[in-house]
Amino acid sequence: MSHDVYELSGVRCRELLESREASATELVQVYLDRMRGVDAQVGAYLLTNEEAALQQAAEIDAKPAEERRPWEGVPIAVKDILATKDMETTCASRILSGYRPPYDATAIRRLKEAGLIILGKLNMDEFAMGSSTENSAYQPTRNPWDLERVPGGSSGGSAAAVAAAETPWALGTDTGGSIRQPASLCGVVGLKPTYGAVSRYGLIAFASSLDQIGPLTRTVSDAAALLQIVQGQDPLDSTSTGLRGPLRLPTERDLAGRRFGVIKEFLGEAIDSGVREVFNDACKTIEALGGVVEEVSLPSVERGIAAYYIIAPAEASSNLARFDGVRYGYRSGEGEDLLSMYTHTRSEGFGPEVKRRIMIGTYVLSAGYYEAYYGQAQRTRTLIIQDFNRAFADYDYLISPTSPSVAFKLGERTADPLAMYLSDLCTIPVNLAGLPAISLPAGFSQGLPVGLHLISPHFGEQALVDAAHALEHRFQLEARPALTEVRE
Amino acid sequence: MSDGHGTNGGYEAVIGLEIHVQLKTNTKMFCSCAVTFGEEPNTRVCPICLGHPGSLPVTNERAVEYATRIALALDCAIAPHTIFHRKNYFYPDLPKGYQISQYDLPLGVGGHLDVELEDGSTHRVGITRVHMEEDAGKLVHAGGATGRIHGADYSLVDFNRGGTPLVEIVTEPDIRSSEQARSFLNQLKNLIEHLGVSDVNMEEGSLRCDANVSVRRPGEPLGTKTELKNMNSFRFLARGLEAEIERQLSDLEAGEAVRQATVHFDPSTGSISVLRSKEEAHDYRYFPEPDLVPIVLDQAFIEKQRAELPELPAARKERLIEQYALSAYDAGVLAGSRSLGDYFERVAAEGDAKLAANWVMGDFSAYLNAQGLAVEESRVAPEDLAELLELIADGTISGKLAKDVFAAMAESGQKPGRIVEERGLGQISDETALEAIVAGIVEANPSAATEYRSGNKKVMGFFVGQVMKETKGRANPQLANSLIRKALEG
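These numbers were taken from a predicted model, which means no experiment stands behind them.

### Points about the overall build of chain A
Reasoning step 1: Tallying secondary structure elements over chain A gives 15 helices and 11 strands in all.
Reasoning step 2: If you line up chain A on its principal axes, its C-alpha atoms span 65 × 55 × 45 Å.
Reasoning step 3: Each of the 488 residues in chain A was classed as buried or not, and the buried ones make up 64%.
Reasoning step 4: Long-range contacts, defined here as pairs at least 24 residues apart, represent 76% of the contacts in chain A between residues at least 6 apart.
Reasoning step 5: Accessible area of chain A: about 16800 Å², with a carbon and sulfur share of 50%.
Reasoning step 6: Of the charged side chains in chain A, 46 are positive and 62 negative; the average position of the first set lies 3 Å away from that of the second.

Below is the structure:
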């Protein structure tokens, strides 16, 4: 069997399995080969699940067709932030090295129940803190379009693996843009669902009120299909709601009568000219498809980054307190008493960005500072939600570039956290408001992918994938990363 | 010297209590592990109560119901909208590095409990707040001589208790003496026992009490308070408070100010040790728990919980007086413990209530105290005690003999009828049989008979004694009396 790996979307894999043009074992083998050929360059995988994946594939292949579930046998890879039973789950942190969770995240359980085959665990910024995947304690991941450049983050491993066709699709998580920004930088589709659509049970928490699991795929249809598999209310997550109804595969080809608001505040000086150009072209495409494009102002979103870098670290400082060396994960051999065991374990186990955010979070929650920082940030969050609500009274979608720039070079921003934080300018307010949003490839600047960011009202996922599908069809982007498979 | 009654050389003690009550739910506060006591360590745990990465809490609805009933029984206002907060601190028994608790929006506020004091007066203690939280695990300090953390070789953590639902009850500083504190806690315990939502057992830790203690001259502003911990019995609560009040007074007498601190009562020495200065106290960095949604308690829910409240001790006391014609004192004692009150009512269900009250408060309670048993652990079932009282009432045995039968019941758990039968203890009320015995005794003691007939009626006692001796105490005393009189007077 010979397949063009770039043509193998999740939906296509399902078709091949259904028509018996490919076996599950063949599909798994395609990706294991591809990993062997390119992952030494890309560095997307932290762990490959080769043996178990092949075994599961063989069992599926032995089943009569009528006993197979629709997605059974389709491979997938997942960000290493999701708990996988008995499979090492590190969150790309030294403090969880060797940690094998005793349970599956609900999203993982849903994948398994649907019969998908987990190829492995994907790299990320440690505890999802970062925008370049350079904060992984284990390895950097490189952008398949230019190996000197970052894939974005924190779901950089997921975006790079999909872009390099090392998996048909992947799950990532998005706290402030961690699905959409790497999707934009790697030229793939990234969908961040409405807060609550996918259960967070088993998602190793960074910022509980912002975290959401979502798909990174090469097609909009795949994003819809994968979200439909993992979404749903979960009794194990009080904040989960599921979607309001099942998500259909999108078929739209035009945008007649749809109203798109361009968020003025997201087109300021921070946006690179090349990105702006692609975005302006995308607006013309929307109009060509019958959509109405107008500028709209959401004044409070400019304060999104400031509010986010108080709320997210505050929650993180508390969420990461459990990594104390007592019950699981890394424990330092140093230390003579309890306090020094804690101090050594956490000093040695966490990387610098994680420590920075724990310190910021601890500070903003401290007695005497709470109101000035955390209280103020929460009020800002409310204003941002109100701005979005007002805008959605007039528009079906709000749009912007996903990322202010194309992929930057490794090391370029590591010394400047504020420049790094600005990568998420356009994506962060969406998490603060709990809205669904999608990034889809809209063109190239300097030969690197540029993503278009569409935001819709709460539970507007169907409308979101419908519009994205119409645009995807019109954009007809054919370019592929120039990766050469290297064989030993 | 503290006299336990709040007046010490012109000073008065000001005490507020913080009480933790473990709820008797089937499962833990935020996961589905069973709530148990005394199981093998770390056998009632799951990823959630062990704080594994990615796990999330889900609120136990039954715990919210139970907590609401406690708040209602204490006349608190129930918050229509209540949320959980995280209380952040590091300790090995706290798996997540924070405790899920409540902060500025507790479940209930502004209640009170009217406490009956020893002298019969009533003292109202305000309830500041009632809130819900989760319990921590338990540290076991191994090695070393004391079993305490100091000197231990290493420590182990048992997370079975971790995540057990707790209700924290905070009182206003309305308590003025160790005796009042003890009465308050006793009556709070009894109230919760009546609600049936907790075992409220101090020794097992399902009822725990800390105290905030300060002293002042009456009318002056509040003095500097200390937080007194580790009083795990009613006796230690009173002794700990007295020791701490005395310590503060001696500081003041020595011209030193009382320092804010956490203090620890050591029951083995009766002394107080100062644990840590409050200046370096934790900043718990409370913030709203983002993993849980707010709890909205509508009027229908609150009214449903109110309707679920059983008869509470004060009402029960009134009913006992009314229904069983008991004295206020007896009714107070019996309503003062749910289990004792229940036991009494089962004994008194058929028969003489006054007699039942005397027995339950007398021999039965003495037996429990002597054996160190709880009412539930008694070998004498209430139906058996009722049967015993029936045997007295119908004249089968005398009240005096009944005490021996009761002792045998307590010993063997056997039914009184069987004991009476097996030991041949039934009263002889057979007139013919007794007449023969009496006739024999009168005949064998002619001089005593003559003496009686010549007017010395006191000799009667001698004959009764002889009859009892002959019948091993089984003769029906009234019948024996009348038969002797008949025989002598002819």
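Next comes the rest of the write-up.
### Observations concerning the packing of helix 2 (residues 178–195) of chain B against helix 3 (residues 234–253) of chain B
Residues and elements named next belong to chain B.
Reasoning step 1: Between helix 2 and helix 3, whose axes approach to 9 Å, the crossing angle comes to 150 degrees. When the axes of helix 2 and helix 3 are compared, the pair comes out roughly antiparallel. Considering how the two elements wind past one another, helix 2 and helix 3 form a crossing that is right-handed. From helix 2, S178, A181, R182, L185, N186 and K189 reach across to helix 3, where they touch F234, R235, L237, A238, L241 and E242.

### Topic: the interface of chain B and chain A
Reasoning step 1: With 30 residues of chain B at the interface, the matching set in chain A holds 37 residues.
Reasoning step 2: Roughly 2800 Å² of surface becomes buried between chain B and chain A when both sides are summed, with 59% attributable to carbon and sulfur atoms.
Reasoning step 3: Along the contact surface separating chain B from chain A lie one salt bridge.
Reasoning step 4: In this structure, D291 of chain B engages R200 of chain A in a salt bridge whose closest nitrogen and oxygen atoms are separated by 3.1 Å.
Reasoning step 5: For the side of chain B that touches chain A, the secondary-structure elements that each account for two or more residues are strand 4 (85–88) and strand 15 (287–288) of chain B.
Reasoning step 6: Its residues assigned to classes, the side of chain B that touches chain A comprises 19 nonpolar, six polar and five charged.

### What to know about the pattern of salt bridges
Residue and element names in this part refer to chain B.
Reasoning step 1: Per the stated rule, a full pass over the model turns up 54 salt bridges over all chains.
Reasoning step 2: One salt bridge in this structure joins D342 and R338, with 3.5 Å as the shortest N-O distance. Of this pair, D342 and R338 both sit in helix 7 (residues 338–347), four residues apart, which is roughly one turn of that helix.
Reasoning step 3: Between R418 and E422 there is a salt bridge whose closest N-O contact spans 3.1 Å. Of the two residues, R418 and E422 are both situated in helix 11 (residues 416–422); the distance of four residues between them amounts to about one turn of the helix.
Reasoning step 4: Ionic contacts of the salt-bridge type, sharing partners, join the residues E311, R316, R319, R338, D342 and E345 into one network.

### Looking at the sheet that holds strand 5 (residues 189–192) of chain A
Residue and element names in this part refer to chain A.
Reasoning step 1: The sheet built from 11 strands is open, its strands ordered 1-3-2-4-6-5-10-11-9-7-8 with mixed pairing. Looking at strand neighbours, the two that pair on one side only are strand 1 (45–48) and strand 8 (292–296), the edges of this open sheet. Sheet twist, expressed as the mean angle between neighbouring strand axes with direction ignored, is 30 degrees.
Reasoning step 2: Relative to strand 8, strand 7 (residues 259–263) runs parallel, the two being bridged by five bridges. Bridge pairing in strand 8 links G261 to E294.

### Things to note about the sheet that holds strand 4 of chain B
Reasoning step 1: Here we have three strands laid out as an open sheet, ordered 5-4-15 (chain B), and antiparallel in their pairing. Each of the sheet's edge strands pairs with one partner strand only, and the pair in question is strand 5 (98–101) and strand 15 of chain B.
Reasoning step 2: Strand direction decides the pairing type here: strand 4 of chain B and strand 15 of chain B, joined by two bridges, are antiparallel. When the bridges of strand 15 of chain B are listed, R86 of chain B appears paired with F287 of chain B.
Reasoning step 3: Along the sheet, helix 9 (residues 304–319) of chain A contacts strand 4, strand 5 and strand 15 of chain B; its crossing angle with strand 4 of chain B, the most-contacted strand, is approximately 60 degrees.

### Describing the packing of aromatic side chains
Residues and elements named next belong to chain A.
Reasoning step 1: Evaluation of the coordinates by the stated rule reveals 29 aromatic pairs over all chains.
Reasoning step 2: Ring geometry for Y99 versus Y328: centroids 5.3 Å apart, planes at 45 degrees, classification tilted. Of the two residues, Y99 is situated in the loop between strand 2 (75–79) and helix 4 (106–114) and Y328 in the loop between helix 9 and helix 10 (338–349); the sequence distance between them amounts to 229 residues.
Reasoning step 3: Measuring from centroid to centroid gives 4.7 Å for F260 and Y397, while their planes differ by 15 degrees, and the two rings are stacked. Here Y397 lies in strand 9 (residues 397–401) and F260 lies in strand 7, a separation of 137 residues in the sequence. By the burial criterion, F260 is buried, and Y397 matches it.

### Some thoughts on the pairing of strand 11 (residues 207–216) of chain B
Residue and element names in this part refer to chain B.
Reasoning step 1: Most of strand 11 sits out of view: nine of its 10 residues are buried.
Reasoning step 2: Looking at chain direction, strand 1 (residues 12–22) and strand 11 are connected through 10 bridges and run antiparallel. Residue I19 lies in a different strand from strand 11, and its bridge partner there is C209.
Reasoning step 3: Pairing of strand 11 with strand 12 (residues 226–229), which is carried by three bridges, proceeds in the antiparallel orientation. Looking at strand 12, one finds that A211 is bridged to L228.

### Overview of the nonpolar core
Reasoning step 1: The biggest cluster of nonpolar side chains holds 172 residues, and the ones touching the most others in it are L111, F127, L171, F388, L398 and L454 of chain A.
Reasoning step 2: Once you skip the residues sitting within four places of it in the chain, L398 of chain A turns out to touch G261, I263, V296, L298, F388, A391, F392, H453, L454 and I455 of chain A.
Reasoning step 3: One finds L23, A181, V215 and I295 of chain B within the second-largest nonpolar core, a separate group that totals 69 residues.

### What about the environment of G460 of chain A?
Residue and element names in this part refer to chain A.
Reasoning step 1: Tracing the sequence through the fold places G460 in the loop between strand 11 (448–455) and helix 15 (461–475).
Reasoning step 2: Overall, the relative accessible area of 13% leaves G460 in the buried class.
Reasoning step 3: Taking the C-alpha atoms as reference points, G460 and T194, separated by 266 residues in sequence, lie 8.0 Å from one another.
Reasoning step 4: Aside from chain neighbours lying at most four places away, what touches G460 is T194 and P436.

### As for the environment of V35 of chain B
Residues and elements named next belong to chain B.
Reasoning step 1: Along the chain, V35 turns up in the loop between strand 1 and helix 1 (61–73).
Reasoning step 2: C-alpha separation for the pair V35 and R161, spaced 126 residues apart in sequence, amounts to 7.4 Å.
Reasoning step 3: Once you skip the residues sitting within four places of it in the chain, V35 turns out to touch L23, T25, N26, T27, K28, T164 and P165.

### Some words on unusual backbone geometry
Residue and element names in this part refer to chain A.
Reasoning step 1: Of note, the bond from G153 into S154 is cis; its omega dihedral lies within 30 degrees of zero at 10 degrees.
Reasoning step 2: Its place among the elements puts S154 in the loop between strand 3 (117–122) and helix 5 (156–163).
Reasoning step 3: Although it is not a glycine, C91 adopts a positive phi angle of roughly 55 degrees.
Reasoning step 4: Turning to its location among the elements, C91 is positioned in the loop between strand 2 and helix 4.
Reasoning step 5: Of note in the backbone geometry, F459 takes a positive phi value of approximately 65 degrees without being a glycine.
Reasoning step 6: Within the secondary structure, F459 is located in the loop between strand 11 and helix 15.

### Concerning helix 11 (residues 352–364) of chain A
Residue and element names in this part refer to chain A.
Reasoning step 1: Over its 13 residues, helix 11 runs 18 Å from end to end, which matches the ideal 18 Å to within 8%, given 1.5 Å per residue.
Reasoning step 2: Looking at helix 11, one finds that the buried residues are E353, V354, R357, I358, G361 and V364. Looking down the long axis of helix 11, one finds its buried residues gathered within 140 degrees of arc, a one-sided arrangement. Exposed side chains of helix 11 directed beyond 90 degrees from the buried face belong to P352 and M359.
Reasoning step 3: Looking at the packing, one finds that the buried side of helix 11 touches helix 9, helix 10, helix 12 (370–394) and helix 13 (417–421).

### Examining helix 8 (residues 273–288) of chain A
Residues and elements named next belong to chain A.
Reasoning step 1: The end-to-end C-alpha separation of helix 8 is 22 Å, in line with the 22 Å expected for 16 residues at 1.5 Å each.
Reasoning step 2: Buried residues of helix 8: G274, V275, V278, F279, A282, C283, T285 and I286, and no others.
Reasoning step 3: Tucked into the core, helix 8 has its buried residues touching strand 7, strand 8, strand 9, strand 10 (437–445), strand 11 and helix 15.
Reasoning step 4: Looking one or two places after helix 8, you find G290, whose phi comes out positive at around 100 degrees.

Reading guide: rules and limits
Residues numbered from 1 in each chain as written. Chains lettered and ligands numbered in written order. Predicted model: local features only at pLDDT ≥ 70, side-chain atom pairs only at ≥ 80, totals over all residues. Heavy atoms only, no water. Helix = DSSP H or I, 4+ residues; strand = E, 2+ residues; numbered from the N terminus. Buried < 20%, exposed > 50% of the residue type's maximum accessible area, 1.4 Å probe, protein only. Contact = heavy atoms within 4.5 Å. Areas by Shrake-Rupley, 256 points an atom, 1.4 Å probe, with all protein chains shown as cover. Lys, Arg positive; Asp, Glu negative; His and termini not counted. Charge placed at Lys NZ, Arg CZ, Asp CG, Glu CD. Axes fitted to C-alpha atoms, helices over the stretch in contact; angles between N-to-C directions. Parallel < 35°, antiparallel > 145°, perpendicular 65-115°, else oblique. Left-handed = near helix turned anticlockwise from the far one by under 90°. Buried area = accessible area lost by both parts, 1.4 Å probe. Salt bridge = Lys/Arg side-chain N within 4 Å of Asp/Glu carboxyl O. Nonpolar A, V, L, I, M, F, W, Y, C, P; charged D, E, K, R; others polar. Pairing = 2+ DSSP bridges. Phe/Tyr/Trp six-rings, centres within 6.5 Å; stacked < 30°, edge-to-face > 60°. Core = buried A, V, L, I, M, F, W, Y, C linked by side-chain atoms within 4.5 Å. Expected span 1.5 Å × (residues − 1). Arc of directions from axis to C-beta.

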